[in-house]
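Descriptive structure summary
This is what each chain is made of:
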Amino acid sequence: MTPALKIVADTVIRNIGQLVTVAQQPIEDASGPLQIIEHAAVAVHNGTIVWIGRDDIHGPELLPDPATGPDGITIIDAQGVVVTPGFVDSHTHLVFAGDRAEEFHQRRAGISYGELLAQGRGILTTMKATREADQEQLISLALQRLRAMSDYGTTTVEIKTGYGLDLETEERCLQIINKLNALEEITPPEYVEVRVVPTFLGAHSIPPEYRDRRSEYVKLVVEKMLPSFVGLARFCDVFCEREAFTLEESHLILERAKELGYLLKVHADQLSPSGGARLAAELGATSADHLDYASDSDLDAMREAGVVATLLPGCSYTLRTPYPAARRFLDHGLHVALATDFNPGTSYCENMQMMLGLAMSSMGMSLEEALTAATINGARALALDDQIGSIEVGKRCELALWSIQNYHEIGYHFGTDLVNSILVRR
Ligand SMILES: N=CN[C@@H](CCC(=O)O)C(=O)O
Ligand SMILES: [Zn+2]
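- Looking at an unreviewed UniProt entry, one finds the protein named Imidazolonepropionase, with Reticulibacter mediterranei as its source organism.
- Regarding the protein, the UniProt comment filed under Function (unreviewed entry) reads as follows: "Catalyzes the hydrolytic cleavage of the carbon-nitrogen bond in imidazolone-5-propanoate to yield N-formimidoyl-L-glutamate. It is the third step in the universal histidine degradation pathway."
- Entered under Catalytic activity (unreviewed entry) in the UniProt record, the comment concerning the protein runs "4-imidazolone-5-propanoate + H2O = N-formimidoyl-L-glutamate".

1. Here we look at helix H5 (residues 167–179)
- With 13 residues, H5 should reach 18 Å at 1.5 Å per residue; the first-to-last C-alpha distance of 18 Å fits that figure.
- Where H5 is buried, its residues meet helix H3 (123–132), helix H4 (135–151), strand S9 (154–160), strand S10 (195–203) and helix H6 (214–228).

2. Observations concerning the UniProt feature "binding site: Fe(3+)" (unreviewed entry) in the protein
- Here the UniProt feature "binding site: Fe(3+)" (unreviewed entry) sits at His91, His93, His267 and Asp341. These annotated residues cover 251 residues of sequence, but their C-alpha atoms sit close together, with the largest distance between any two at 12.1 Å.
- With respect to the helices and strands, the residue His93 is situated in the loop between strand S8 (87–89) and helix H1 (101–108).
- The residues contacting His93, other than those within four sequence positions of it, are Lys160, Gly162, Phe342 and Asn343.
- Within the secondary structure layout, His267 lies in strand S12 (residues 263–268).
- For His267, a count of 30 C-beta atoms within 10 Å puts it in the buried group.
- For His267, the residues in contact, after removing those within four places along its chain, are Asp237, Val238, Phe239, Cys240, Glu241, Gly276, Asp289 and His290.

3. Looking at the sheet that holds strand S13 (residues 287–290)
- Read across the sheet, eight strands follow the order S8-S9-S10-S11-S12-S13-S14-S15 without closing on themselves; strand pairing throughout is parallel. Two strands close off the open sheet at either side, each with one partner strand: S8 and strand S15 (336–338). Here the strands of the sheet are splayed against their neighbours by 25° on average, with no regard to which way each runs.
- Two strands pair when backbone bridges link them, and S13 and strand S14 (residues 308–311) are joined in this way by three bridges, in the parallel orientation. Its bridge partner being in S14, Asp289 is matched across the sheet by Thr310.
- Packed on one face of the sheet, helix H13 (residues 367–374) meets S8 and S15 and runs near 75° to S15.

4. What to know about the UniProt feature "domain: Amidohydrolase-related" (unreviewed entry) in the protein
- Within the UniProt annotation, "domain: Amidohydrolase-related" (unreviewed entry) is assigned to residues 82–402.
- What you have in residues 82–402 is 43% helix and 16% strand, and the ends, taken at the C-alpha atoms, are 5 Å apart.

5. Describing the packing of helix H7 (residues 247–259) against helix H8 (residues 276–283)
- Between H7 and H8, the least distance of the axes is 11 Å, while the angle of their chain directions is 25°. Judged by the inter-axis angle, H7 sits roughly parallel to H8. Here H7 runs over H8; the crossing is right-handed. Residue-level contacts link Leu247, Ser250, His251, Leu254, Glu255 and Lys258 of H7 to Gly276, Leu279 and Leu283 of H8.
- Residues belonging to the contact of H7 with H8 are distributed by class as follows: four nonpolar, three polar and two charged.

6. Some remarks on the environment of Gly333
- Here Gly333 shows up in the loop between helix H11 (326–331) and S15.
- Between the C-alpha atoms of Gly333 and Asp300, which are 33 residues apart in sequence, the distance is 8.3 Å.

7. Some points on the environment of Thr199
- Within the secondary structure layout, Thr199 lies in strand S10.
- According to the C-beta neighbour criterion, Thr199 is buried, with 25 such atoms within 10 Å.
- Look past the residues within four positions of Thr199 in its chain and what remains in contact with it is Glu158, Ile159, Lys160, Ala233, Arg234, Phe235, Asp237 and Lys265.

8. Observations regarding the pairing of strand S4 (residues 48–54)
- The pairing of strand S3 (residues 36–45) with S4 spans six bridges and is antiparallel. Note on S4: the bridge partner recorded for His45 is Thr48.
- Hairpin remark: S3 followed by S4, antiparallel, with two residues in the connecting loop; positive phi at Asn46, about 50°.

9. A look at the packing of H4 against H5
- Between H4 and H5, whose axes approach to 10 Å, the crossing angle comes to 45°. It follows that H4 is oblique to H5 by the angle criterion. Between H4 and H5 lies a crossing whose hand is right-handed. The residues of H5 that touch H4, namely those facing Gln135, Leu138, Ile139 and Ala142, are Arg172, Ile176 and Lys179.
- By residue class, the composition of the contact of H4 with H5 is four nonpolar, one polar and two charged.

10. Observations concerning the confidence of the model for the protein
- On average, residues of the protein score 95 in pLDDT, and 99% of them are at 70 or above.
- With pTM at 0.97, the complex prediction returns an ipTM value of 0.96.

Reading guide: rules and limits
Residues numbered from 1 in each chain as written. Chains lettered and ligands numbered in written order. Predicted model: local features only at pLDDT ≥ 70, side-chain atom pairs only at ≥ 80, totals over all residues. UniProt positions renumbered as here; feature names shortened; annotations may be inferred. Helix = DSSP H or I, 4+ residues; strand = E, 2+ residues; numbered from the N terminus. Expected span 1.5 Å × (residues − 1). Contact = placed C-beta atoms within 7 Å. Buried ≥ 20, exposed ≤ 12 C-beta atoms within 10 Å, placed from the backbone. Pairing = 2+ DSSP bridges. Axes fitted to C-alpha atoms, helices over the stretch in contact; angles between N-to-C directions. Parallel < 35°, antiparallel > 145°, perpendicular 65-115°, else oblique. Left-handed = near helix turned anticlockwise from the far one by under 90°. Nonpolar A, V, L, I, M, F, W, Y, C, P; charged D, E, K, R; others polar. pLDDT = per-residue confidence, 0-100.

Structure (structure tokens):
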């Protein structure tokens, strides 16, 4: 007889109807592409998952943490619902002030997103409002948005700067993003349990004061901003596009960022074939995002270089452009991630469930592919897949507790929030 497994735990989630682990390795008692365990339990110690399995069948002997004493295990009854990894929203522009409702309706009447950018509106409209806002306003807006995201099941959010476009405001936005990870420092203390990953996107648009001397702005990004923000941002991103930064400018910025130790992302081939996807592959970026105009050979280059393809259906929904054909990316053997691209111009939506729905209804993804894209592949797009994105022993406890008993309701029952709460142990 195998001796009982003794596990030290401080939290146990019991009575889980379906534990959708999205495990990357086969696990005992689990089945199907998402490695689902029926009637399951999860044991957690110090925020790390220490055991998962069938509730009550051959579970381990759970020992409380000696520090908390014999009554120290918190038992949470999931009441038979579905539990998945929390969503990893790997592409957002969440820190900004103002809105662009007026431009949205003008676009509905015929003006294009590219035309607005060319007229110095679009991103620059938001830049003006963001520069004028003070720290408290920006934090309070960000918190409101993070709360909405966590209500829909998101536990990790990447946040880009890119609405400051000067040294001072870009730095202020990065400091705010970092502060969101330490909310007790905010007065009065705030508790949103979402993990935040900061990205520097100084190369989002050329600010108006540099309109006729763009090379000087690129120089500012390369020589001043990038070195000053080391340690404040995990990623450096560039909007490589006809209306934004050329391939050469993007190359210059990303190459310097890489030398300084940033991980890389690229807004690639969104409005035209910009060469961004190819650049992401050349420089070993973690992800290339959008990719509406990426060619087959670009996708091959991305696969060879291990670049995650992040697809953003919220943009297609807002801009009324064709949805990315996810099948094409999957057939190229790429890891596909889904994200909201939450921003005031092209995707004003905090809700990852909506992205899953669009991926299934309009991008040709199965439920299993979409859930994988919104969890473990989002984690891959942040180079955090060793820590989050699936429910496996050794991963952090960042879960979504749904209000449904069968995960097949996801994408089928639409237009309503199916997530009850998130459960995060730090
Ligand atoms: N493409 C560039 N950046 C954002 C849009 C930002 C904005 O319009 O404010 C995007 O990912 O779609
Ligand atoms: Zn974006």
